[in-house]
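Single-letter residue listing:
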Amino acid sequence: MSVTGEVGTRADRVRAVTRAHEQRRGALIPVLHAVQHEFGRIAAEDLPVIADVLNLAIAEVHGVVTFYRDFRRAPAGRAIVRICGAEACQAVGATTLAGHARDRLGIGFGETTADGTVTLDEVFCLGNCALGPSVEVAGRVYGRVGPDRFDGLLGDLR
Amino acid sequence: MNVPTVNPARVFVPRDAAARSVGADEVAERIAAVAALAGREIELVRTGSRGMLWLEPLVEVATPGGRVGYGPVTPEAVDGLVAAGILDGADTGAPTSLGPVEDLPWMRRQQRLTFARVGVVDPRSADDHESYGGNAGLRAALDRSPDQVVEEVVTSGLRGRGGAGFPTGIKWRTVLGAQDELKFVCCNADEGDSGTFADRMLMEGDPFTLIEGMTIAAHAVGATEGAAVEGYVYIRSEYPDAIETMTAAIEAARARGWLGAGILGSALEFDLHVRVGAGAYICGEETSMLESLEGKRGTVRPKPPIPALAGLFGRPTVVNNVLSLAAVPWILANGGAAYARYGMGRSRGTSVFQLGGNIARGGIVETAFGITLRALVEDLGGGTGSGRPVRAIQVGGPLGSYLPVGQLDLPMDYEAFSEAGALLGHGGVVVFDDTVDMSLMARFAMRFCAEESCGKCTPCRVGAVRGVETIDRIRAGEEPTKNLLLLEDLCELMTDGSLCAMGGLTPMPVRSAVKHFAHDFGVTP
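Residues numbered from 1 in each chain as written. Chains lettered and ligands numbered in written order. Predicted model: local features only at pLDDT ≥ 70, side-chain atom pairs only at ≥ 80, totals over all residues. Heavy atoms only, no water.

Caption draft 1: Spotlight on the pattern of salt bridges. This model, assessed by the stated rule, comprises 50 salt bridges over all chains. Across the pair Arg140 of chain A and Asp25 of chain B runs a salt bridge whose closest N-O atoms are separated by 3.8 Å. Highlighted residues: Arg140 of chain A in strand S5 (residues 140–142) and Asp25 of chain B in helix H2 (residues 24–37), drawn from two different chains. (Salt bridge = Lys/Arg side-chain N within 4 Å of Asp/Glu carboxyl O. Helix = DSSP H or I, 4+ residues; strand = E, 2+ residues; numbered from the N terminus.)

Caption draft 2: Quick look at the domain arrangement of chain A. Annotation of chain A at the domain level lists domain 1 (10–67) and domain 2 (79–157). A separation of 30 Å is found between the C-alpha centroids of domain 1 of chain A and domain 2 of chain A. (Domains from an automatic or database assignment.)

Caption draft 3: Spatial organisation of the interface of chain B and chain A. The interface of chain B with chain A comprises 62 residues on the first partner and 40 residues on the second. Roughly 3,700 Å² is buried in total at the junction of chain B and chain A, and carbon and sulfur atoms are behind 52% of that figure. Together, Ser21, Ala278 and Arg297 of chain B form the three largest contributors to the area buried by chain B at its contact with chain A, with a combined 15%. The interface formed by chain B and chain A contains 6 salt bridges. A salt bridge links Glu26 of chain B to Arg140 of chain A, with the shortest nitrogen-to-oxygen separation between them at 3.8 Å. On inspection of chain B and its partner chain A, the count reaches 26 residue pairs in polar contact (both at pLDDT 80 or more). (Contact = heavy atoms within 4.5 Å. Buried area = accessible area lost by both parts, 1.4 Å probe. Polar contact = N/O pair within 3.5 Å; in protein donor to acceptor, adjacent residues only side chain to side chain.)

Caption draft 4: Focus on the layout of surface pockets. All names here are of chain B. If you add up the space inside the second largest pocket, you get close to 1,200 Å³. Taken together, 48 residues form the lining of the second largest pocket, with Gly162, Gly163, Ala164, Gly165 and Gly284 sitting closest to its centre. Here the lining of the second largest pocket takes 4 residues from strand S9 (residues 317–321), the largest share from any one element. A breakdown of the residues in the lining of the second largest pocket according to their chemical character gives 19 nonpolar, 18 polar and 11 charged. (1 Å grid on protein atoms, 1.4 Å probe; cavity = no way out; pocket = protein on both sides within 12 Å on 5 of 7 lines; lining within 4 Å. Points joined across faces, edges and corners; volume = space filled by probe spheres on them. Nonpolar A, V, L, I, M, F, W, Y, C, P; charged D, E, K, R; others polar.)

Caption draft 5: Structural context of the pairing of strand S13 (residues 363–368) of chain B. Residue and element names in this part refer to chain B. Taking burial as the measure, the 6 residues of S13 include 6 buried ones, the bulk of the element. For strand S12 (residues 350–357) and S13, the ladder comprises 6 bridges, and the chain directions are antiparallel. Paired with Thr350 across the two strands is Ala368, which belongs to S13. Linking S12 back to S13 in an antiparallel pair, the connection comprises 5 residues. (Buried < 20%, exposed > 50% of the residue type's maximum accessible area, 1.4 Å probe, protein only. Pairing = 2+ DSSP bridges.)

Caption draft 6: A look at the nonpolar core. Counting 152 residues, the largest nonpolar core has Tyr68 of chain A together with Trp172, Met203, Leu210 and Ile235 of chain B as the members making the most contacts within it. Broken down by element, this core gets its largest block of residues, 9 residues, from helix H13 (residues 322–334) of chain B. Discounting chain neighbours no more than four positions away, the residues touching Trp172 of chain B are Val149, Val150, Val153, Gly213, Ile216, Ala217, Ala220, Val221, Val318, Asn320, Leu325 and Val328 of chain B. By size, the runner-up hydrophobic cluster in this structure holds 32 residues, among which are Leu373, Leu376, Val377 and Met412 of chain B. (Core = buried A, V, L, I, M, F, W, Y, C linked by side-chain atoms within 4.5 Å.)

Caption draft 7: Layout of unusual backbone geometry. Residues and elements named next belong to chain B. Put simply, Glu56 and Pro57 share a cis peptide bond, and its omega is -5 degrees. Residue position: Pro57 is located in the loop between strand S2 (42–47) and strand S3 (59–63). Here Lys303 and Pro304 are connected by a cis peptide whose omega angle stands at 0 degrees. Examined against the element boundaries, Pro304 turns out to sit in the loop between helix H12 (286–293) and S9. Positioned with a positive phi, Phe313 is a non-glycine residue whose angle comes to about 50 degrees.

Caption draft 8: Molecular detail of the domain arrangement of chain B. Residue and element names in this part refer to chain B. When its domains are assigned, chain B resolves into domain 1 (9–108), domain 2 (126–340), domain 3 (347–433) and domain 4 (438–521). Here domain 2 and domain 3 have C-alpha centroids that lie 27 Å from each other. At the interface, 22 residues of domain 2 touch 22 residues of domain 3. For the pair domain 2 and domain 3, the summed buried area comes to about 1,600 Å², and 58% of that belongs to carbon and sulfur atoms. Among the residues domain 2 hides against domain 3, the three largest losses belong to Arg159, Arg161 and Phe197. Together they make up 31% of the total. Inspection of the region where domain 2 meets domain 3 yields 1 salt bridge.

Caption draft 9: Seen up close, empty space enclosed by the protein. Residues and elements named next belong to chain B. Taken as a whole, this structure holds 8 cavities of 30 Å³ or more when the rule is applied. Quantified by volume, the largest cavity comes out at close to 140 Å³. The wall of the largest cavity is formed by 15 residues, among which Arg236, Glu238, Gly279, Ala280 and Tyr281 lie closest to the centre. In terms of residue class, the lining of the largest cavity is made up of 7 nonpolar, 3 polar and 5 charged.

Right under this line is the structure:
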């Protein structure tokens, strides 16, 4: 969904997205979520625009973008697959599953497959600690994911 | 079989994220399709989860004798179950046919005050909230002065459920006493601890109760006595379902006049906004969360000043966990003294424990403080899911201690845990079987700290990295005795030299692993 109708330059669109939130208290994080939602990432060229609208230093915006794991500066694959690596999932085989996922996709955490299909990452807790190992695929959580179920979920993506 | 029929059949399938993770959506779709095919009219209600997560997807059907349950149900089994009469609540004779849900031993063992409506009501329905006793607490609060509300919460003995255990009423009293034209009520829903999911389940299963608790807090800190009060719920981005449900409930509450100006016809004005985190565990620490709400990097602030006096944007601010705020409506509706009758010692009321990890029956247990860890892990939880012996239990999240089976008789009580060198935290109980290598878990605690440290304090930021390296050397058999001494020294430094619990408590899991499971570190205890 696009609030800007995808017309105008990227800078114009980033400005419009930022303006839509600028009246909120402490607007920067909602703005960054909205920009990423719109463009899939937050590019270096977006920072001066956001900083200008919110009356912040570019360094402040940069500092926030780099602090939070959610904000990505590089584009992700078509689907983001995140494997829970927290203790409750480790207790039921998450470490084995993570190794299987890396082998299967041929990439490490934070990397994207060459065909651009999948970005693999690690997440610490999806709040599904009684039904682990838990995996998030394209924003949806799956429980009791062993290697076989993982392969099935991957198959659905391709 | 002669089963009285409810027509149209009322069928309940959870929309809770945990239930969805094992197929609840597919089950709900199949039930609707099969009923339509059979020409049977049904009302399908998507509830929260009862918290019996090993039974999910758990389907319930209304009967004149109460709701009966079936679970776990797979989408493939739906056709057969409908043919066997589950839309009329029939006993199918199969093990998945559970009978009246409220009579299950797991449910009967609990005292559900905060979670009374979770899994029962439609979380998107304001009507359900009212008809199941909602807003009784808010009405009772509005009949009292802010002082009286604060004293009721003080009387209840309610302590912060986020982990620190600070008395909620005392915090509110401080904010009420602070003179300012603008104050904030912030709900910390950045539930990042592994093994905890009660905040999520409450927000997904009964969001109106949290809204009600926050509204009571707004009244208690002076929203009717000249201060404008604004509310924020800071929810972690890993919880999209909770974000969606809370947002929908807030809109519904506004439409009903439960938020905004003139709440329930009173002089109270209060509005509430959802803010979404961005993948930083540290933002569950209250001052980091405030920084994040202000649009900044989530670095920890030194205290003092305490947030109650100078919190969000420098204003007097209540910061409470989801479960603390959600306990308040019951307290106001039934009285602080009634709440304080539950519990032991200085841990009053009920707590919502969460059983996870390698456990046969994982889920939510709300019960009075004082239940033993053994009762939770063995009686309710049924031991490990793998069927192997329990070896270690981590209580209180990634900053909590690993306990050996020798400590299973500890009562769930803030002070008893503290004396045992452990902490209750947010009530998460994570079980490990005998295949666990505790040196790896200690290493993970340090790695997690290194990943999630906000970077402000050197002992946390750098110490955690050195901790990983030192444990690696111990695991490789390099002078284990000497390196364990070094690790202990590092733990002491982190504990003493960090501003917040991230660096200050990461030594808890590390030290407890070394103390109770020394064999895993290649030394004889």
